[in-house]
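Architecture at a glance
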Amino acid sequence: MKLLVTGGAGYIGSVVAAMLLAEGHEVIVLDDESTGHADAVPAGATYVRGTIQDRARDVLADGADAVLHFAAKSLVAESVARPALYWRHNLGGTLALLEAMRATKTARIVFSSTAAVYGEPERVPITESAPARPTNPYGATKLATDTALAEHARMHQTGAVSLRYFNVAGAYAGPDGRWFGERHDPETHLIPNILSVALGSAGPDACVQIFGDDYPTADGTCVRDYIHVTDLARAHLLALDACDPGLHRIYNLGSGSGFSNLEVLQTCREVTGREIPSRIAPRRPGDPAVLIASSDRISAERGWRPESGLRAIVADAWQFAQGLAR
Ligand code: UDP
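Rules used in this analysis
- Residues numbered from 1 in each chain as written.
- Predicted model: local features only at pLDDT ≥ 70, side-chain atom pairs only at ≥ 80, totals over all residues.
- Heavy atoms only, no water.
- Helix = DSSP H or I, 4+ residues; strand = E, 2+ residues; numbered from the N terminus.
- Contact = heavy atoms within 4.5 Å.
- Polar contact = N/O pair within 3.5 Å; in protein donor to acceptor, adjacent residues only side chain to side chain.
- Phe/Tyr/Trp six-rings, centres within 6.5 Å; stacked < 30°, edge-to-face > 60°.
- Buried < 20%, exposed > 50% of the residue type's maximum accessible area, 1.4 Å probe, protein only.
- Near = heavy atom within 4 Å.
- Areas by Shrake-Rupley, 256 points an atom, 1.4 Å probe, with all protein chains shown as cover.
- Nonpolar A, V, L, I, M, F, W, Y, C, P; charged D, E, K, R; others polar.
- Pairing = 2+ DSSP bridges.
- Axes fitted to C-alpha atoms, helices over the stretch in contact; angles between N-to-C directions.
- Expected span 1.5 Å × (residues − 1).
- Parallel < 35°, antiparallel > 145°, perpendicular 65-115°, else oblique.
- Left-handed = near helix turned anticlockwise from the far one by under 90°.
- Salt bridge = Lys/Arg side-chain N within 4 Å of Asp/Glu carboxyl O.
- Core = buried A, V, L, I, M, F, W, Y, C linked by side-chain atoms within 4.5 Å.

**As for the environment of H184**
- Note that H184 resides in the loop between β9 (179-180) and α6 (190-199).
- Between the C-alpha atom of H184 and that of T35, which follows or precedes it by 149 residues, the distance is 7.4 Å.
- Apart from the residues within four sequence positions on either side, H184 is in contact with Y11 and H189.
- One polar contact links H184 to E182, side chain to side chain, over a distance of 3.4 Å.
- For H184, the side chain forms a polar contact with the side chain of E187, separated by 3.2 Å.

In structure tokens:
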């Protein structure tokens, strides 16, 4: 297949692009490098640097079987500080993409949605029918985008799938041994933050801050559901087959089990063999205590199951982080 990957210079987009290439697909990456890195685009992909608004239509005019849409802003705190930026990039970018798809008769789209659309859950594991009540602009822009996709599918007979990711981590080694992984600036995520302290790249006196230990969980720290980025990428390939004309499907993607922040820290200590200093810091505003996915729908309908657990996720993220430090 010939596939347009928006945001293919970012973390998840570059991993999926690399895996698509390894499967023999033709890949065009479109990225404006607002947060991505040109050197993250896998060799073998055609790279177009630019915004969706400026370039998507031209790129799709050459023909594409489907779009995998990763390009978005994804920092919760930034979205609270600058909501208009998030609406413009996330919803506005997608509307421009849908318009380009309509003009070029591109029939399928798989979209990176998020667990953040559910906000503070009433119960876990979270199914796709749980109420969607985002608690920050980031989640709100993704939920609005899901709605736009559903409407576009209905109006224009496209096939659309929204994959609602829980906590994605880990890295991918391509067939040539090159690693693709997480490189955000600023980095806000727990596992890369822990590993940069383990490496010493956060500074000699740096220590991991664990945000809050007074949550209603077994050890008082937040619980999250981690999914390996390669398991996530496989789900995208399956989702392409789930793009049926006129339909918008939603699938949650997680492992179905949760790990507390202290358990993640302990796993990182075991995998790296390093001590990794840490301290308890105040709660981070807006963090729900427990987020765990039910991925029963994609499992039942598409046969998807995660293959890698937390230890493999951390081990691969560690390989990638060490490579970056060299
Ligand atoms: N977290 C932490 N220290 C960090 C980064 C994150 O204690 O340096 C916590 C965060 O408060 C949350 C969990 O780790 O409870 C997962 O946060 P992350 O930002 O990785 O993902 P999120 O669940 O917010 O999407």
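Right, picking up where we left off after that structure.
**Here we look at the packing of aromatic side chains**
- Applying the stated rule across the entire model yields 1 aromatic pair.
- Between the aromatic rings of Y172 and F180, the centroid separation amounts to 6.3 Å while the plane-to-plane angle is 25°, which identifies the pairing as stacked.
- Classification of Y172 by relative accessible area gives buried; the value is 12%.
- We classify F180 as buried; its relative accessible area is 5%.

**Concerning the site of the ligand**
- In the vicinity of the ligand there are 13 residues, among which L190, Q209, R224, R284 and D287 approach most closely.
- Residue T188 places a main-chain N or O atom 3.4 Å away from an oxygen atom belonging to the ligand.
- Here an oxygen atom of the ligand sits 2.9 Å away from a polar atom, N or O, in the main chain of F211.
- Starting from 520 Å² of accessible surface for the ligand in isolation, the protein chains cover 86%.
- For the shell around the ligand, the secondary structure elements donating two or more residues are α6 and β10 (208-211).
- Among the elements that line the shell around the ligand, the one with the most residues is β10, at 3 residues.
- When its residues are assigned to classes, the shell around the ligand shows 4 nonpolar, 6 polar and 3 charged.

**Re the sheet that holds strand β6 (residues 159-165)**
- If you walk across this open sheet you meet the 7 strands as β3-β2-β1-β4-β5-β6-β13, and the pairing is parallel. Looking at strand neighbours, the two that pair on one side only are β3 (46-49) and β13 (248-253), the edges of this open sheet. Mean inter-strand twist for the sheet, computed between neighbouring axes without regard to direction, equals 20°.
- In this sheet, strand β2 (residues 26-31) lies alongside strand β1 (residues 2-6) in parallel orientation, the contact comprising 5 bridges. Counted as the bridge partner of L3 is V27 from β2.
- Seen against the sheet, helix α2 (residues 52-61) touches β1, β2, β3 and β4 (66-69) and runs at an angle of roughly 160° to β2.
- Strands β1, β4, β5 (108-114), β6 and β13 of the sheet are contacted by helix α7 (residues 229-241), whose axis makes an angle of about 160° with β6.

**What about helix α4 (residues 83-104)?**
- With 22 residues, α4 should reach 32 Å at 1.5 Å per residue; the first-to-last C-alpha distance of 31 Å fits that figure.
- Among the residues making up α4, those that are buried are L85, Y86, N90, L91, G93, T94, L97, L98, A100 and M101.
- K105 sits one or two residues past α4 and shows a positive phi near 60°.

**So, the packing of α4 against helix α5 (residues 137-156)**
- Running from N to C, α4 and α5 point in directions that differ by 15°, and their axes come no closer than 9 Å. As summarised for this structure, α4 and α5 are arranged roughly parallel, according to the angle between their axes. Considering the relative orientation of α4 and α5, their crossing is right-handed. Contact with α4, carried on its side by P83, Y86, W87, N90, L91, T94, L95, L98 and R102, involves P137, Y138, A140, T141, K142, A144, T145, A148, L149, H152 and H156 of α5 and no other residues of that element.
- Split into classes, the residues belonging to the contact of α4 with α5 amount to 12 nonpolar, 6 polar and 2 charged.

**A word on the pattern of salt bridges**
- For the structure shown, the criterion picks out 14 salt bridges.
- Put simply, D214 and R283 hold a salt bridge, and the shortest N to O gap is 2.9 Å. Residue D214 is found in the loop between β10 and β11 (223-224), and its partner R283 is found in the loop between β15 (278-281) and α9 (296-302); the two are separated by 69 residues along the sequence.
- Among the residues examined, D214 registers a relative accessible area of 51% and is labelled exposed.
- E307 is the salt-bridge partner of R234, the closest N and O atoms lying 3.8 Å from each other. On the criterion of sequence distance, the pair formed by R234 in helix α7 and E307 in the loop between α9 and α10 (310-325) is long-range, its members being 73 residues apart.
- With relative accessibility at 22%, the residue R234 sits in the partly exposed group.
- In the salt-bridge network here, residues are joined through shared partners; they are R224, R284 and D287.

**Structural notes on the nonpolar core**
- Counting 40 residues, the largest nonpolar core has I12, L163 and L253 as its most contacted members.
- Secondary structure elements with two or more residues in this core: β1, α1 (11-22), β2, β4, β6, α7 and β13.
- When residues in this core are grouped by element, the largest group, 9 residues, is from α1.
- Setting aside chain neighbours within four positions, we find L163 in contact with V110, F111, S112, S113, T114, A235, H236, A239, Y251, L253 and I298.

None of the figures reported here should be taken as evidence of function without further support.
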